[in-house]
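Architecture at a glance
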Amino acid sequence: MRKDNANRLRITLKFVLGLGVVISLVIGLGILRFHAARLVYYLESVNQSIQKYSDEEVILRQELSALVAPIRIYSYCKESLGMQKVLKAETLPVRTRTGNLAASKQNAASDFSGWRSSLAWLLGRQMSD
């Protein structure tokens, strides 16, 4: 009878141990399934944001190409800003007096004669010989 009880105890112990292994495997698989579902949700949100930014990029590229087109710029300036096309362009001549510029340069050089010429570098001016 002792052998029967020992065999029955071993069988029961093996059954409980096997049942514990099966339960732990089921719980482990459940945890893995939950983690996989969470990763799928995260991946879907990333894909949605990529799609949103891709659509926004296409729209911005279309707006850029529309704004860069010369006819678009011309029509915007005419309609929104009230600008008109110039029919005749005028230029004004600008005459410089070279004699006065040379004289002022000589006067500036004479200002730095003597002891001032050695300190001219402090003022950021160079002496011309």
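Residues numbered from 1 in each chain as written. Predicted model: local features only at pLDDT ≥ 70, side-chain atom pairs only at ≥ 80, totals over all residues. Heavy atoms only, no water.

1. Points about the overall build of the protein
- Counting its secondary structure elements, the protein contains three helices and zero strands.
- In sequence order, the protein lays out its α and β elements as α-α-α.
- For the protein, the proportion of its 129 residues judged to be buried stands at 2%.
- Carbon and sulfur atoms make up 63% of the accessible area of the protein, which amounts to about 12,900 Å² in all. (Helix = DSSP H or I, 4+ residues; strand = E, 2+ residues; numbered from the N terminus. Buried < 20%, exposed > 50% of the residue type's maximum accessible area, 1.4 Å probe, protein only. Areas by Shrake-Rupley, 256 points an atom, 1.4 Å probe, with all protein chains shown as cover.)

2. Quick word on the packing of helix H1 (residues 2-68) against helix H2 (residues 70-79)
- At a minimum axis separation of 5 Å, H1 and H2 run at an interaxial angle of 70°. As far as their axial angle goes, H2 and H1 are roughly perpendicular. In contact with Ala 66, Leu 67 and Val 68 of H1, H2 contributes Pro 70, Arg 72 and Ile 73.
- The residue inventory of the contact of H1 with H2, partitioned by class, reads five nonpolar, no polar and one charged. (Axes fitted to C-alpha atoms, helices over the stretch in contact; angles between N-to-C directions. Parallel < 35°, antiparallel > 145°, perpendicular 65-115°, else oblique. Contact = heavy atoms within 4.5 Å. Nonpolar A, V, L, I, M, F, W, Y, C, P; charged D, E, K, R; others polar.)

3. So, the pattern of salt bridges
- For the structure on display, the rule yields one salt bridge.
- The salt bridge involving Glu 57 is made with Arg 61; its shortest N-O contact spans 3.0 Å. Of this pair, Glu 57 and Arg 61 are both found in helix H1, four residues apart, which corresponds to roughly one turn of the helix. (Salt bridge = Lys/Arg side-chain N within 4 Å of Asp/Glu carboxyl O.)

4. Describing the packing of aromatic side chains
- Summed over all chains, the structure comprises zero aromatic pairs.
- If you follow Lys 52 out to its NZ or CZ, it ends over the ring of Tyr 53, 5.0 Å from the centre. (Phe/Tyr/Trp six-rings, centres within 6.5 Å; stacked < 30°, edge-to-face > 60°. Lys NZ or Arg CZ within 6 Å of the ring centre and 35° of its normal.)

5. With respect to a nonpolar patch on the surface
- Taken together, the side chains of Phe 15, Val 16, Leu 19, Ile 23, Ile 27 and Ile 31 make up a nonpolar region of the molecular surface, amounting to roughly 600 Å² of accessible area.
- For Phe 15, the position within the fold is in helix H1.
- Its relative accessible area of 57% is what places Phe 15 among the exposed residues. (Patch = residues over 30% accessible without salt bridge, like charges linked within 9 Å, V, L, I, M, F, W, Y side chains within 5 Å.)

6. What to know about the confidence of the model for the protein
- In the predicted model, the protein carries a mean pLDDT of 81, and 74% of its residues have values of at least 70.
- Ranking the elements of the protein by mean pLDDT puts helix H3 (residues 98-111) last with 53 and H1 first with 93. (pLDDT = per-residue confidence, 0-100.)

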